[in-house]
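# Fold and geometry: a report
Here is how the chains run, residue by residue.
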Amino acid sequence: GTTLGTSAAEKGRYFGAAIAAGKLGDSVYTGILDREFNSVTAENEMKWDATEPSQGRFSYGNADRIVNHARSRGMLVRGHALLWHQQQPGWAQSLSGSALRNAAINHVTQVATYYRGKIHSWDVVNEAFADGGGGGRRDSNLQRTGNDWIEAAFRAARAADPGAKLCYNDYNTDGINAKSTGIYNMVRDFKARGVPIDCVGLQSHLTNSAPSDYQANLQRFADLGVDVQITELDISGSNQAGAYAAVTRACLAVARCTGITVWGIRDTDSWRTGQNPLLFDGNGNKKAAYTSVLNALNGG
Ligand code: G3I
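Residues numbered from 1 in each chain as written. Predicted model: local features only at pLDDT ≥ 70, side-chain atom pairs only at ≥ 80, totals over all residues. Heavy atoms only, no water.

## Examining the site of the ligand
Of all residues adjacent to the ligand, which total 13 residues, the nearest are Glu43, Lys47, His80, Glu127 and Glu232. Taking Gln87, its side chain carries an N or O atom lying 3.4 Å from an oxygen atom of the ligand. If the ligand stood free it would expose 780 Å²; the protein chains cover 48% of that surface. For the shell around the ligand, the per-class residue count stands at 3 nonpolar, 6 polar and 4 charged. (Near = heavy atom within 4 Å. Polar contact = N/O pair within 3.5 Å; in protein donor to acceptor, adjacent residues only side chain to side chain. Areas by Shrake-Rupley, 256 points an atom, 1.4 Å probe, with all protein chains shown as cover. Nonpolar A, V, L, I, M, F, W, Y, C, P; charged D, E, K, R; others polar.)

As structure tokens, this is what we get:
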């Protein structure tokens, strides 16, 4: 293939980008998006604060702009994210206990129902595990509603949109470490007990290299019977092009690694200000990292 999307499709995979509704009027931005990518993630527009700014009043305008842009061009949509300890609306931050639990599950049900049939994969729960060596859950208002909040969210999402793949998504889980093993154990438990889960997202915000056991980590999740997706890829540092190729090859080497999403289009669109971690420069020109990914997708 001659673009990221067509080359990935030849390998049975998608290649996506996180995008912002407010940039869809930028013709350089949209030109790259429409030429290169066949999947999108809303960088912020589907988060809880954006979609339910006051309790029970849902707001989908910016998310719909992204979904409509993508679907009218045959692109997949990854939904991001139904529940997360960050980017909660103020009203949810002030709830706790059963009031928060009920509000959270209602949020999952309402948003997943609104988008039923339009979402390829949902990040049902984002970043619920703690950093460091413990391998346990992160303390959060959601976690304090009870350890079963994650499975309750997945069950609600499945009921609302049975066709969407339901993912657990996190960062610093790209190699085999205590945090990724904690998630691995949760997924194994969910599969054993019949809790609906279809995929694990590895965000892959990286510097200079992927962990040496990156592919082995993808494979161990796949071996549990879930898909794996690289969901928020960006890589800074002088070995950027080489690291992008290594990540791409690792995904292609794992049958259940179904797609890669980069977290932005141009370096100037990145949340990692000044780090230039993406595939296109601020003028929209292809970088060495772009060529490296394209060659890797095409078997080079
Ligand atoms: O849109 C408002 C704007 O109106 C306001 O003037 C401005 C002032 O601060 O804020 C703007 O909102 C910001 C938004 O990005 C859009 O630019 C928020 O403050 C800012 O917190 C938000 O940051 C996002 C961050 O998640 C927090 O939600 C980043 O764009 C986004 O890239 C980042 O993405 C996360 C993933 O969702 C989860 N994994 C990690 C990843 C990187 O942090």
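## Focus: the layout of surface pockets
Reported here for the largest pocket is a volume of approximately 360 Å³. Residue lining of the largest pocket: 18 residues in total, with Trp84, Glu127, His205, Glu232 and Trp271 positioned closest to the centre. Here the residues of the lining of the largest pocket are counted per class, giving 4 nonpolar, 9 polar and 5 charged. (1 Å grid on protein atoms, 1.4 Å probe; cavity = no way out; pocket = protein on both sides within 12 Å on 5 of 7 lines; lining within 4 Å. Points joined across faces, edges and corners; volume = space filled by probe spheres on them.)

## Some thoughts on the packing of helix 9 (residues 214-222) against helix 10 (residues 240-253)
Closest axis-to-axis distance for the helix 9/helix 10 pair is 9 Å, and the angle between their directions is 30 degrees. Here helix 9 is positioned roughly parallel relative to helix 10, judged by the angle of their axes. The way helix 9 lies across helix 10 gives a crossing that is right-handed. Along its contact with helix 9, which presents Tyr214, Gln215, Leu218 and Gln219, the element helix 10 presents Val247, Ala250, Cys251 and Ala253. (Axes fitted to C-alpha atoms, helices over the stretch in contact; angles between N-to-C directions. Helix = DSSP H or I, 4+ residues; strand = E, 2+ residues; numbered from the N terminus. Parallel < 35°, antiparallel > 145°, perpendicular 65-115°, else oblique. Left-handed = near helix turned anticlockwise from the far one by under 90°. Contact = heavy atoms within 4.5 Å.)

## Here's the deal with the pairing of strand 2 (residues 39-42)
Covered by surrounding structure in strand 2 are Ser39 and Thr41 together with Val40 and Ala42, the residues of both alternating faces. Sheet analysis places strand 1 (residues 14-19) next to strand 2, joined by 4 bridges and oriented parallel. What sits directly across from Ile19, in strand 2, is Ala42. As judged from the 3 bridges shared by strand 2 and strand 3 (residues 76-84), these two strands associate in the parallel manner. Bridge assignment links Ser39 to a residue of strand 3, and that residue is Leu76. (Buried < 20%, exposed > 50% of the residue type's maximum accessible area, 1.4 Å probe, protein only. Pairing = 2+ DSSP bridges.)

## A few points about the state of the cysteines
For the coordinates displayed, the defined rule picks out 2 disulfides. Disulfide pairing is shown between Cys167 and Cys199; the S-S distance is 2.0 Å. With the S-S bond torsion at -80 degrees, the cross-link from Cys167 to Cys199 turns out left-handed. Separated by 32 residues along the polypeptide, Cys167 in strand 5 (residues 165-170) and Cys199 in strand 6 (residues 199-202) bring together distant segments of the chain. Through a disulfide, Cys251 is tied to Cys257; the S-S separation comes to 2.1 Å. Here the disulfide of Cys251 and Cys257 is left-handed, its torsion about the S-S bond being about -100 degrees. (Disulfide = S-S within 2.5 Å.)

## Points about the UniProt feature "active site" (unreviewed entry) in the protein chain
The positions UniProt marks with the feature "active site" (unreviewed entry) are Glu232. Tracing the backbone through its elements, the reader meets Glu232 in strand 8 (residues 227-236). Under the relative-accessibility criterion, Glu232 is labelled buried at 5%. The contact partners of Glu232, leaving out residues within four places of it in the chain, are His80, Asn126, Asn169, Leu202, Gln203, Ser204, His205, Thr261 and Trp263. (UniProt positions renumbered as here; feature names shortened; annotations may be inferred.)

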